[in-house]
Amino acid sequence: MAFSLHGVHLPHRKNTANTEAVRMPAPAVVTLPTVMHIGAPATPVVKAGDHVDIGTLVAEPSAKMSAPIYASVSGTVKKIDDYLLSNGRTVPAVVIESDGAMTVAESIAPPVITDRASLIDAIRQSGIVGLGGAGFPTHLKFDVPDPTAIKTLLINGAECEPYITSDSVTMVREQEAIAYALRVLMDVLGIPETIIGIEKNKPAAIAAMRAVAAADSRIRVKVLPTRYPQGGEKVLVYHTVGAKLPAGALPLEAGCVVCNTSTIAAIGNYLRTGMPLVERCVTVDGSAVAQPRNVLVPIGTPLADVFAFCGGYKEEPQKILYGGPMMGIAVPNDGVSVLKNTNAVLAFATREARLPEALTCIRCGECMLHCPVGLNPAYIGKAYQNKDAAALEKLNVNMCMECGCCAYVCPAHRDLVQNNRLAKDMLRKAKAAEEGK
Amino acid sequence: MVEQMHLSSGPHIRTKRDARVIMLDVVIALLPAAVAGVYWFGLSALWVLLVSVAAAVGAEALFNALAHKEQTIGDFSAVVTGLLLGLNLPANVPLWQVVIGAVFAIVVVKCLFGGLGCNMVNPAITARVFMTLAFGSLATSAFPVDAVAGATPLAQLADGGMPNLWDVFIGNIGGAIGETCVPALLAGGIYLLARGVITWHLPVTFIGTVFVFSLLMEGGDINTALAWTMSGGLFIGAIFMATDYVTSPATPWGKVVFGLLAGIITCLIRFFGVYPEGVSFAILLMNILDPYVDSWTAYRSWRR
């Protein structure tokens, strides 16, 4: 459309962009929930009293859509506890008391890759899931019925949320791992090309990935305009290969598989060393943090330990988030763990923690102008209020990726994302009731 | 360990640009026109503006109190309505009529329909039309400048005459307080564009359509067409009143359609209708058509 404006310009606040990632010392206790991915919880295979080393399997996948979990510290399993996830579900979690030695399990060895099946199985064994925040089990992305359907490997280096720099720092420090992983994936899976999408505001990462692309003619870097939500899967697919994916459509329909850069780096390191996913780079920032930085954190570390490593709180925090300020999830305290898909933890002081009161909709149309997929949040809110499922279907509410652009720009400070979520749920229930008839 | 963290749904950051900031921007944008109006028409113009704003704010405050609703005058929308209404009136209008108009705008058009965001039509424009119909003489009244009795430029043009183009541009003519000084209105418009309160689509299309229509009606005479375009309430209407969020389309194409139709209706009334000025009626009619224009021009998200 000639006059369209989509997405929003956000303050970048990439305070930690040019820092080195620093490894934190082993925490005293790690808590590994058996769900850190999309899918069924993994089943614990250890019990209280067992000794584990880094890389020891502590929970195995229980279904096709599941992922294994490995110990991130060496020590003793304290107990299998109940853990309350952010979505309200309670799942078992393996609690390990660290012995401080950080001993690596002896069984760790690089996997043997002979063909497609062995590569997909190896990635499954690694426990690697989408590290950009979604947590989708990575091997399932490649395990498609028709392998020739994957024409493009699309690497998501957009990192469009404010504050977060863990992907861009990883792109610089893990260049070789990324190059290696891409080569193996393309060779073994028969994928003809790779496009690495990076937002313009990351010059160091662009340079690093251009070096990777220079060594392999199948890889190219696409520099993307810096506009949120550039890293949203559908937005990225649109801006790189030009395909428009409707609600429910996977990137495979456009011949793509989309992976986050940190996920690819993790695959590269796993293929070379055999070390499964036990640590990751986390951006620590926010107005309450004394020394914002990127930290290499063992998975399962309590947030309190991570913040303590960053100089502690310089102001009393009032809000702590997993992820970025747009799509991040608020957590009730800092005792929760760093999960596989935690790319950032942010702590905000009081002045930023509370949001302004919502007013009535003034019909300014800003929400529509900025929605990256052309939705109409103001009308969706109204249809939800009127309990009008038919209208919600027409308004294509399932297309909403909950990116937050609408609520960000709304001058009346309306809770549009929450409205959209509730509307989706209402529509789902209405459809289920219809089918049940 | 810190406990009891504040929990809320994302996004956790919001724009600083809220409804109050937008209203203040509109007030600032209208100040040049207000100053020009007081300059050309004298202190009685100032009284009209002050009474209009005071009556509007007072009416809203009183309504909210009587209806046991939350007080909303802090969002400045009543100030904007009062100011716009005042700027659309001639300086010699009796102050009691101003009060009635302001109360009508706020209570009937806005509050009774549900308050901010719920009005079907633009409060200031509707009150102006109401006053024209109720106190008839306003339709053609003109406060003479320099105590020289004269018809407004629109009346002159309708009679086949031609006003002085520079006078029409600078505001040295009869008319409503805020509608005469084109540079003041343009300055306000540019400020609103720069602040992102309005986009160019509606005002440019509205004014452009009137210009082209007038050009055709005047057989290609550019000077007369310019006189038609700069006279009357077109500039203030197109920039400040048609662009009211609540009663205009949300998408750019919608705004273009609105501007086009409003321009055509304005000219139909000016050239073929009984009233010399058609802007108020055009905007009012388009406000009523607005939901249809919105649904014709809504964005379509990706579907199979």
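Values in this document were obtained by computation on a predicted structure and should not be read as measured data.

Q: Is there a simple way to think about the overall build of chain B in this case?
A: Per the secondary structure count, chain B includes 13 helices and zero strands. In sequence order, chain B lays out its α and β elements as α-α-α-α-α-α-α-α-α-α-α-α-α. Counting across all 304 residues of chain B, residues that qualify as buried make up 58%. A sequence separation of at least 24 residues applies to 74% of the contacts in chain B between residues at least 6 apart. For chain B, the exposed surface amounts to about 12500 Å²; the carbon and sulfur share of it is 69%.

Q: It is not clear to me how the overall build of chain A should be interpreted in this structure. Could you clarify?
A: When its secondary structure is counted, chain A shows 14 helices and 17 strands. Scaling as 2.2 N^0.38, a compact globule of 437 residues should have a C-alpha radius of gyration of about 22 Å, and chain A matches this with 22 Å. In terms of its C-alpha atoms, chain A occupies a principal-axis envelope of roughly 65 × 55 × 50 Å. Considering chain A as a whole, with its 437 residues, one finds that 57% of them fall into the buried category. Here chain A holds 42 positive side-chain charges and 40 negative ones, and the gap between their average locations is 7 Å.

Q: Explanation requested: helix α1 (residues 116-126) of chain A in the structure shown.
A: Every α-helix winds through 3.6 residues per turn, so residues three or four apart in the chain are directed the same way. Residues and elements named next belong to chain A. Those residues of α1 lying buried are R116, S118, L119, I120, A122, I123 and S126. If you follow the buried residues of α1, they end up packed against β6 (69-70), α2 (138-142), α4 (175-189) and α7 (261-273). One or two positions beyond α1, positive phi appears at G127, with a value near 75°.

Q: Sorry, what's going on with the environment of B:F206 here?
A: Residue and element names in this part refer to chain B. Topologically, F206 is positioned in helix α9 (residues 201-217). Taking the C-alpha atoms as reference points, F206 and V256, 50 residues apart in sequence, are found 7.9 Å from one another. Discounting residues that sit within four places of it in the chain, F206 has contacts with L234, A238, A242, G259, A262, G263, T266, V279 and I283.

Q: Please clarify how the interface of chain B and chain A should be interpreted in this entry.
A: When the parts come together, some accessible area is lost, and that loss is often what is quoted as the size of the interface. On the side of chain A, 69 residues touch chain B, which itself brings 39 residues to the contact. In total, about 4700 Å² of surface goes out of reach between chain B and chain A, with carbon and sulfur atoms giving 61% of it. Remark: the boundary between chain B and chain A carries four salt bridges. Note that B:R14 is salt-bridged to A:D415, the shortest N-O span being 3.5 Å. Among the elements that take part in the side of chain B that touches chain A, helix α12 (residues 252-272) of chain B stands out by supplying three residues, more than any other.

Q: In this structure, what is going on with unusual backbone geometry? I would like to understand it.
A: With the exception of glycine, most residues fall at negative phi, and the peptide bonds are largely trans. A:P229 follows A:Y228 through a cis peptide bond whose omega is -5°. Secondary-structure assignment places A:P229 in the loop between β11 (219-224) and α6 (233-240). Between B:G10 and B:P11 the backbone carries a cis peptide bond, its omega angle lying at -10°. As for its placement among the helices and strands, B:P11 is situated in the segment before α1 (19-41).

Q: Is there a simple way to think about the sheet that holds strand β10 (residues 193-199) of chain A in this case?
A: In sheet architecture, strand pairing relies on hydrogen bonds along the backbone and comes in two forms, parallel and antiparallel. All names here are of chain A. Taken together, four strands build an open sheet; the order of strands is β11-β10-β9-β12 and the sheet is parallel. The two strands at the open ends of the sheet, each matched to only one other strand, are β11 and β12 (256-260). The average angle at which neighbouring strand axes cross in this sheet is 25°, direction not considered. One ladder, built from five bridges, connects strand β9 (residues 152-157) with β12; its direction is parallel. Counterpart to L154 in the pairing with β12 is V258. Contacts from α4 reach β9, β10 and β11, with the element oriented near 145° to β10. Here α7 sits on the sheet in contact with β9 and β12, set at roughly 85° to β12.

Q: Looking at this model, I keep getting lost on the sheet that holds strand β2 (residues 29-33) of chain A. Mind explaining?
A: All names here are of chain A. Spatial ordering of the open sheet is given by β2-β8-β7-β4, a layout of four strands whose pairing is antiparallel. The outermost strands of the open sheet, each flanked by one partner alone, are β2 and β4 (51-52). The sheet contact formed by β4 and strand β7 (residues 75-84) spans two bridges and is antiparallel. Within the sheet, the bridge partner assigned to H51 lies in β7 and is T76.

Q: So what exactly am I meant to see when it comes to the packing of α9(B) against α12(B) here?
A: The geometry of a pair of packed helices is captured by two quantities: the angle between their axes and the separation between those axes. Residue and element names in this part refer to chain B. With their axes 7 Å apart at the nearest point, α9 and α12 run at an angle of 35° to one another. Between α9 and α12 the crossing geometry is right-handed. Residue composition of the contact of α9 with α12, by class: 15 nonpolar, seven polar and two charged.

Q: Mind showing me how you'd approach the packing of helix α3 (residues 166-173) of chain A against helix α5 (residues 203-214) of chain A here?
A: Residues and elements named next belong to chain A. At a closest axis distance of 8 Å, the pairing of α3 and α5 adopts a crossing angle of 40°. Regarding the angle of α3 to α5, the classification is oblique. The element α3 and its partner α5 pack so that their crossing is left-handed. Residue-level contacts link S168, M171 and V172 of α3 to A204, A205, A208 and M209 of α5.

Q: Would you mind showing me how to read the pattern of salt bridges here?
A: Two side chains bearing opposite charge may form a pair once their charged atoms approach each other closely. Residues and elements named next belong to chain A. As enumerated under the stated definition, the model contains 22 salt bridges over all chains in all. A salt bridge links D187 to R218; its shortest N-O distance comes to 2.9 Å. One end of the pair, D187, is in helix α4; the other, R218, is in the loop between α5 and β11, with 31 residues separating them in the sequence. Judged by its relative accessible area of 48%, D187 is partly exposed. Through salt bridges with shared partners, one network takes in D187, D216 and R218.

Q: In this structure, what is going on with the side chain of A:K424? I would like to understand it.
A: Along the chain, A:K424 turns up in helix α14 (residues 416-436). Assessed through its relative accessible area of 17%, A:K424 is described here as buried.

Q: I tried to follow the environment of A:I219 on my own but got confused; where do I start?
A: Residues and elements named next belong to chain A. Tracing the backbone through its elements, the reader meets I219 in strand β11. For I219, a relative accessible area of 5% corresponds to the buried category. Once the C-alpha coordinates of I219 and F142 are considered, the two residues, 77 residues apart in sequence, prove to be 18 Å apart.

Q: In this structure, what is going on with the pairing of β2(A)? I would like to understand it.
A: Remember that side chains alternate between the two faces of the sheet whenever the strand is regular. Residues and elements named next belong to chain A. Among the five residues that make up β2, four are buried, leaving the element largely enclosed by the rest of the structure. One ladder, built from five bridges, connects β2 with strand β8 (residues 90-98); its direction is antiparallel. Of the residues in β8, the one forming a bridge with P33 is A93.

Q: Would you mind showing me how to read the confidence of the model for chain B here?
A: If pLDDT is low for a region, its predicted coordinates should not be looked at in detail. All names here are of chain B. Confidence along chain B averages 89 in pLDDT terms, with 95% of residues attaining 70 or more. Here residues 142-149 is modelled with pLDDT under 50, and outside its nearest four sequence neighbours on either side it reaches 16 contacts, counting other chains as well. Taken over the whole predicted complex, pTM reads 0.89, whereas the ipTM for its chain interfaces reads 0.88.

Conventions used here
Residues numbered from 1 in each chain as written. Chains lettered and ligands numbered in written order. Predicted model: local features only at pLDDT ≥ 70, side-chain atom pairs only at ≥ 80, totals over all residues. Heavy atoms only, no water. Helix = DSSP H or I, 4+ residues; strand = E, 2+ residues; numbered from the N terminus. Buried < 20%, exposed > 50% of the residue type's maximum accessible area, 1.4 Å probe, protein only. Contact = heavy atoms within 4.5 Å. Areas by Shrake-Rupley, 256 points an atom, 1.4 Å probe, with all protein chains shown as cover. Rg over C-alpha atoms; globule rule 2.2 N^0.38 Å. Lys, Arg positive; Asp, Glu negative; His and termini not counted. Charge placed at Lys NZ, Arg CZ, Asp CG, Glu CD. Buried area = accessible area lost by both parts, 1.4 Å probe. Salt bridge = Lys/Arg side-chain N within 4 Å of Asp/Glu carboxyl O. Pairing = 2+ DSSP bridges. Axes fitted to C-alpha atoms, helices over the stretch in contact; angles between N-to-C directions. Left-handed = near helix turned anticlockwise from the far one by under 90°. Nonpolar A, V, L, I, M, F, W, Y, C, P; charged D, E, K, R; others polar. Parallel < 35°, antiparallel > 145°, perpendicular 65-115°, else oblique. pLDDT = per-residue confidence, 0-100.

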